[in-house]
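Single-letter residue listing:
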Amino acid sequence: MKYYLSPYQDAAYNQALEEHLYLAYPGEGFLLLWRNRPAVVCGKFQNIYQEVNILEAKDRGVDLVRRISGGGTVYQDLGNINYSLIGHKDGLGPHYQPILDKICASLALLGAQVQIIDGIALGLSGGEAGLKISGSAQASSQDRLLHHGTLLYDADLSALHRLANGHNENFSTRGTRSVPWPVTNLRDHLAKDLGDSSAFLKAWLVALQEIFDVSEAFVLSETDRQAIDQVYQEKYKQWTWTFAQGPAFSYKRDLSDEVIELESGQGSAPNHEKIQAPGPASRLSHISYTVKKGLIQELSCEPAWPQLSQALVGLPLEPGQVKAQLDPLGAGPLLSYLFG
């Protein structure tokens, strides 16, 4: 098994790098470690609209990414460590426990006492048992296994709770839901402080090398870089993968207790005819729509507002494009109510 410590902090690029090592080297085993600038990464089968506070993530400049494995949504920043183990199923172990046992052992070398919780995650042991510090997920192809996980070392937990809460009940979908769990940063529970996340990453790499018997560094070739960049540009940076890949869903929201300041009569249609809002803002009582492959299929509100449906049906559910259609209708304030 070889190791690679990624110098990149772009979540989408690191996903492309991981996928390349997983698929392009069928006879090799890898330990991959990296950190990302602020990002929210959702599982392959999740509804990202339900899991993520999309508008706030956009406002904060937080990257939104979909990975190739299942599991739940995670918030990441430079205080979070990501690890991947890639290799033959027989070598790594066909289940989570053999791998997670070794991850626990590597952390024990650094003075951290952790245990497996919920079968696929790690949490503190001892007096603070149950607080989660790590989640993991897997993907497999024939005899090839990709196991990857996160490790909350010194992450911004307030951002985690705001951006990746997974609690929006306005959505109805068959997508995998994240399971809420109390979390903490490992740094706060170490007997000896190991420094910032960059220093901890280096120390953990040494421990992982010992536990997994890793000695040789992997060096990306120019061919590797070109292949990774292609996957990065054509897949992980594309709206069609990150958003449209998710399951179909419906959205319903009761607006009867909301005050939405619509600019009645201020917008104009493409033919320059005046568009009238359906009445005073307080009368809007309901809005609903359905989405398939990221596109709005149908939309209705009470009282009826045909021009709103005409403007949005067939449009990608993407904040910038939706806002561009709402503003001419004098309905810009509706944006936040359409995204949860």
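Residues numbered from 1 in each chain as written. Predicted model: local features only at pLDDT ≥ 70, side-chain atom pairs only at ≥ 80, totals over all residues. Heavy atoms only, no water.

> Looking at this structure, how should I read the packing of helix α1 (residues 11–24) against helix α8 (residues 222–236)?
Where α1 contacts α8, the two axes come as close as 8 Å, and the packing angle between them is 125 degrees. Taken as axis vectors, α1 and α8 run oblique relative to one another. Along this stretch, α1 crosses α8, giving a crossing that reads as right-handed. Across the interface between the two elements, Ala12, Tyr13, Gln15, Ala16, Leu17, Glu19 and His20 from α1 touch Asp224, Arg225, Ala227, Ile228, Asp229, Val231, Tyr232, Lys235 and Tyr236 from α8. Split into classes, the residues belonging to the contact of α1 with α8 amount to 9 nonpolar, 2 polar and 5 charged. (Axes fitted to C-alpha atoms, helices over the stretch in contact; angles between N-to-C directions. Helix = DSSP H or I, 4+ residues; strand = E, 2+ residues; numbered from the N terminus. Parallel < 35°, antiparallel > 145°, perpendicular 65-115°, else oblique. Left-handed = near helix turned anticlockwise from the far one by under 90°. Contact = heavy atoms within 4.5 Å. Nonpolar A, V, L, I, M, F, W, Y, C, P; charged D, E, K, R; others polar.)

> Where do I start with empty space enclosed by the protein in this structure?
Vacant regions in the atomic arrangement are exposed by a probe of water-molecule size rolled over the atoms. Counted under the stated rule, the structure contains 1 cavity of 30 Å³ or more. The wall of the largest cavity is formed by Gln46, Asn47, Ile48, Tyr49, Arg66, Phe243, Gly246, Pro247, Phe249, Val291, Lys293 and Gly294. Class assignment of the residues belonging to the lining of the largest cavity gives a composition of 6 nonpolar, 4 polar and 2 charged. (1 Å grid on protein atoms, 1.4 Å probe; cavity = no way out; pocket = protein on both sides within 12 Å on 5 of 7 lines; lining within 4 Å. Points joined across faces, edges and corners; volume = space filled by probe spheres on them.)

> Whenever I open this one, the pairing of strand β10 (residues 144–152) confuses me. Can you help?
The side chains of a regular strand alternate between both faces of the sheet. The element β10 is extensively covered by neighbouring structure, given that 9 of its 9 residues are classed as buried. Across the two faces of β10 the burial is the same, with Arg144, Leu146, His148, Thr150 and Leu152 and Leu145, His147, Gly149 and Leu151 all buried. The sheet contact formed by strand β6 (residues 80–88) and β10 spans 9 bridges and is antiparallel. The residue bridging Ile81 from the neighbouring strand is Leu151, located in β10. In the sheet, strand β9 (residues 132–141) pairs with β10 via 6 bridges, with the strands oriented antiparallel. Residue pairing across strands places Ala139 opposite Leu146, the latter belonging to β10. Between β9 and β10, which follow one another and run antiparallel, lie 2 residues, and Gln142 among them has a positive phi close to 55 degrees. (Buried < 20%, exposed > 50% of the residue type's maximum accessible area, 1.4 Å probe, protein only. Pairing = 2+ DSSP bridges.)

> How should I be thinking about the pattern of salt bridges in this particular structure?
Close approach of charged atoms lets side chains of opposite charge pair. Counted under the stated rule, the structure contains 11 salt bridges. Of the charged contacts in the structure, one is a salt bridge between Lys2 and Glu28, with a shortest N-O distance of 3.7 Å. With Lys2 in strand β1 (residues 2–5) and Glu28 in the loop between α1 and β2 (30–34), this pair connects stretches of sequence that are 26 residues apart. With a shortest N-O distance of 3.0 Å, Asp154 and Arg187 are connected by a salt bridge. Note that Asp154 is positioned in the loop between β10 and α6 (157–163) and Arg187 in the loop between β11 (171–173) and α7 (197–212), a separation of 33 residues in sequence. When salt bridges with common partners are traced through the structure, they connect Lys2, Glu28 and Glu216 into a single cluster. (Salt bridge = Lys/Arg side-chain N within 4 Å of Asp/Glu carboxyl O.)

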